[in-house]
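Here is what each chain is made of, one letter per residue.
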Amino acid sequence: MAKPRRERPDARGAAAEHRPKADRRAEAEHGHRTARRGEAHHEPKATRDAEPTGRARTENTPGTGRRAEAERAPEAGHGTGNGRGADTTDRVPAEDGTEAARHPRAEHVPGAGHRPEAEPGHRVPGEDPAASAGAGHAGARSAALRRFAAAARRGRGPHVVSCAVLLAVAITAGSIAVGGGRDEGRAGAAGAAPAAVAGVLGGGDPEAGIRSLQGHLRAQPRDFGGWATLGTAYVEQARTQGDPSRYPQAERALERSLALEPGNEQALAGQAALAAARHDFTGALSYADRALEQNPYSERALCSRIDALVELGRYEEAAGAAATADRRRPGVPVFTRYAYVRELRGDVRTAREVLQRALDSASSPGDVAYVATALGQLAWNQGEYGTALTHYARALAADDGYLPALEGRARAQAASGDRAGAVGTLEQVVVRSPLPGPLVALGELYEDRGADGDRARARDQYALVDAWTALARAGGVEADLDTALATADHGDAGEALRAARAEWDRRHSVHTADALAWALHVNGRDEEALPYARRATATGYRSAAFLHHRGMIEKAAGHDRAARRSLTAALELNPGFSPLGARAARAALKELETAR
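Quick caveat, the model's predicted, so the values are computed rather than measured. (Residues numbered from 1 in each chain as written. Predicted model: local features only at pLDDT ≥ 70, side-chain atom pairs only at ≥ 80, totals over all residues. Heavy atoms only, no water.)

Chemist: Just checking my understanding: could you explain the overall build of the protein chain for this structure?
Modeler: Of the regular secondary structure elements, the protein chain holds 27 helices and two strands. A separation of at least 24 residues holds for 65% of the contacts in the protein chain among residues at least 6 apart in sequence. Of the roughly 24200 Å² that the protein chain leaves accessible, carbon and sulfur atoms contribute 50%. (Helix = DSSP H or I, 4+ residues; strand = E, 2+ residues; numbered from the N terminus. Contact = heavy atoms within 4.5 Å. Areas by Shrake-Rupley, 256 points an atom, 1.4 Å probe, with all protein chains shown as cover.)

So this is what it looks like as structure tokens:
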């Protein structure tokens with residue numbers, strides 16, 4: 001998660017007091033071993049490897065729980081200079097095609113108009129994706145764009161056209177990594193990026209930060225830290241804007257960083273974030289572990305490691321990773337992940353307490369919006385719509401364009417009975433970020449409203465989901481979970497099952513178990529679906545959607561008593577979890593009561 005670093009608000013961190021007593025006792029004993037947290041990544045590898053593996057090299061700071069600024073390990077995004085002088089013989093192709101001395105590595109400078117020869121079998125980092133990825137990749141992107149355009153042409157409203165423009169621009173922009181310009185071949189040390197770039201991943205105007213960083217890299221193309229920061233910024237941009245075309249750009253920037261400085265932890269942490277964004281969670285875990293070998297205090301790698309373990313369904317390990325991250329790098333990104341791990345295990349009280357403490361420690365508008373939205377989502381999951389709307393209002397007061405808060409507010413509005421407000425808010429969201437979640441939610445609201453043309457409007461949203469999935473896959477994203485969830489209810493049942501099985505082969509999270517159970521159900525295979533539905537609810541995670549799916553599967557399999565319990569629990573927990581799902585749950589309960 002790309003957020004500014006935070007100090008602990010107290011001696012133990014926002015999450016520390018909620019760890020099991022045995023863990024805290026072991027940590028206290030271990031805390032006497034060393035006070036040199038910031039020096040850990042400078043120790044010889046053999047020394048680090050000799051530490052007990054069960055502790056995962058989790059040094060603890062005695063005393064206040066914070067380490068001095070000078071001791072902190074370097075973090076991607078906080079200073080981009082590579083610390084080495086630039087070769088005074090460095091020259092790059094000029095705009096007129098002439099060229100002076102070439103770099104020993106012969107890196108391509110984007111926009112210079114001339115590309116040096118790549119080594120056999122290797123792509124030159126930074127080159128145009130159409131040239132670098134080959135005809136197959138270009139063809140996939142073109143086909144995805146045509147598919148989206150066809151879906152958009154069927155649109156019946158201005159917001160659908162806006163979605164078309166947004167994703168058309170996104171897919172075209174995917175061929176540009178860094179704007180035009182040329183390096184003047186200046187001698188001297190590679191300077192740090194402009195001040196605007198230092199916060200590119202921590203708030204402010206990310207677009208302006210990326211442009212500043214691009215300009216810096218045109219002037220200092222050997223700044224491996226700058227390339228790593230740019231790559232990670234593209235990942236964050238793709239995530240927040242729903243623009244999967246940024247992922248190939250991120251990949252090229254991170255590869256450039258590693259070509260300049262092999263094994264640098266900033267780029268490895270960026271690759272972990274990129275792999276997670278593409279739903280390659282096994283790869284994300286591997287990259288995060290490699291980055292943490294270089295710098296055990298890398299916030300980004302610590303957070304990516306938690307994310308990967310959560311999405312792989314390895315919840316006990318995720319809890320350990322969250323506790324380790326809380327000791328090493330307490331702050332908003334770690335606190336929110338710690339809270340989610342607790343929520344997944346059914347501990348809503350602790351999750352809420354940790355998030356509230358994280359909100360109390362947040363200072364930047366981006367952090368306030370992020371944490372307040374997480375609190376809103378937690379409240380909505382428990383059916384506390386008024387509380388959720390209060391949290392979303394605080395998030396939007398900090399950042400009035402924060403899309404997750406807008407989407408959350410729309411869901412809470414719908415659940416509270418404000419259907420018109422919910423439709424209007426979701427239409428704002430999908431114009432700017434046509435992702436599957438809000439598209440499906442808007443389509444279902446149209447279906448539930450049932451006005452003239454609403455059924456056609458709903459079909460348009462589901463068609464855009466299909467088109468987005470094609471674009472995501474062209475950008476290297478494993479989109480099977482999105483496909484399974486959307487198509488099970490609003491598409492081809494066979495395709496939903498294929499996608500859910502493919503996702504289950506990769507990871508065994510509660511969300512994947514729920515998706516596979518539901519896909520099996522819509523294909524009439526309820527006895528096979530039931531174990532997966534039970535597994536989805538086995539951790540204690542309180543989800544009305546999961547309970548609804550389980551209850552419908554139990555009903556179809558003839559387990560009426562269990563079905564009544566599950567469906568009743570779903571509606572008691574969050575009666576507005578879905579306009580169509582809640583209606584179906586109530587109808588099923590009525591049938592079960594009639595049949596008694």
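Chemist: Can you walk me through the packing of aromatic side chains in this structure?
Modeler: Pairs of aromatic rings are described using the distance from one ring centre to the other and the angle between the two planes. Under the criterion given, the structure shown has two aromatic pairs. An angle of 85° between the planes, with centres 5.3 Å apart, marks the rings of W504 and Y532 as edge-to-face. Taken together, the residues span a long stretch of sequence, with W504 in helix α22 (residues 493–506) and Y532 in helix α24 (residues 526–536) at a distance of 28 residues. You can call Y532 partly exposed: its relative accessible area is 22%. Judged by centre distance (5.6 Å) and plane angle (75°), the ring pair of Y541 and F546 falls under edge-to-face. You'll find Y541 and F546 in the same group, each marked buried. (Phe/Tyr/Trp six-rings, centres within 6.5 Å; stacked < 30°, edge-to-face > 60°. Buried < 20%, exposed > 50% of the residue type's maximum accessible area, 1.4 Å probe, protein only.)

Chemist: What should I look at first to understand helix α25 (residues 544–556) in this one?
Modeler: Every α-helix carries 3.6 residues per turn, so stepping three or four residues along brings you back to the same face. The end-to-end C-alpha separation of α25 is 18 Å, in line with the 18 Å expected for 13 residues at 1.5 Å each. All of the buried residues along α25 are A544, F546, L547, H548, H549, G551, M552, I553 and E554. One or two residues past the end of α25 sits G558, with phi positive at roughly 90°. (Expected span 1.5 Å × (residues − 1).)

Chemist: Just to check I follow, could you spell out the packing of helix α11 (residues 299–311) against helix α13 (residues 332–344) for this structure?
Modeler: Two quantities define a packed helix pair, namely the angle between the helix axes and the distance between the axes. Across the interface, α11 lies against α13 with an axial gap of 10 Å and an inter-helix angle of 15°. As judged from the angle between their axes, α11 and α13 are roughly parallel. Between α11 and α13 the crossing geometry is left-handed. Contacts from E299, C303, I306, D307 and V310 in α11 reach P333, V334, R337, Y340, V341 and L344 in α13. Considered class by class, the residues forming the contact of α11 with α13 number eight nonpolar, no polar and three charged. (Axes fitted to C-alpha atoms, helices over the stretch in contact; angles between N-to-C directions. Parallel < 35°, antiparallel > 145°, perpendicular 65-115°, else oblique. Left-handed = near helix turned anticlockwise from the far one by under 90°. Nonpolar A, V, L, I, M, F, W, Y, C, P; charged D, E, K, R; others polar.)

Chemist: Honestly, the pattern of salt bridges in this entry has me stumped. Any pointers?
Modeler: Once their charged atoms are close, side chains differing in charge can pair, the charge on each being opposite to the other. Under the counting rule described, the total for this entry stands at 25 salt bridges. Across the salt bridge formed by E384 and R352, the nearest N and O atoms sit 3.5 Å from each other. Of this pair, E384 sits in the loop between α15 (365–381) and α16 (385–398) while R352 is found in helix α14 (residues 348–361), placing the two residues 32 residues apart along the sequence. Across the pair D448 and R419 runs a salt bridge, and its minimum N-O distance is 3.3 Å. Placement of the pair is D448 in helix α19 (residues 436–449) and R419 in helix α18 (residues 419–432), with a sequence separation of 29 residues. We classify D448 as partly exposed; its relative accessible area is 23%. Among the charged side chains, a salt-bridge network with shared partners connects E311, R473, E478, D480, E495, R498, E503, R506 and R507. (Salt bridge = Lys/Arg side-chain N within 4 Å of Asp/Glu carboxyl O.)

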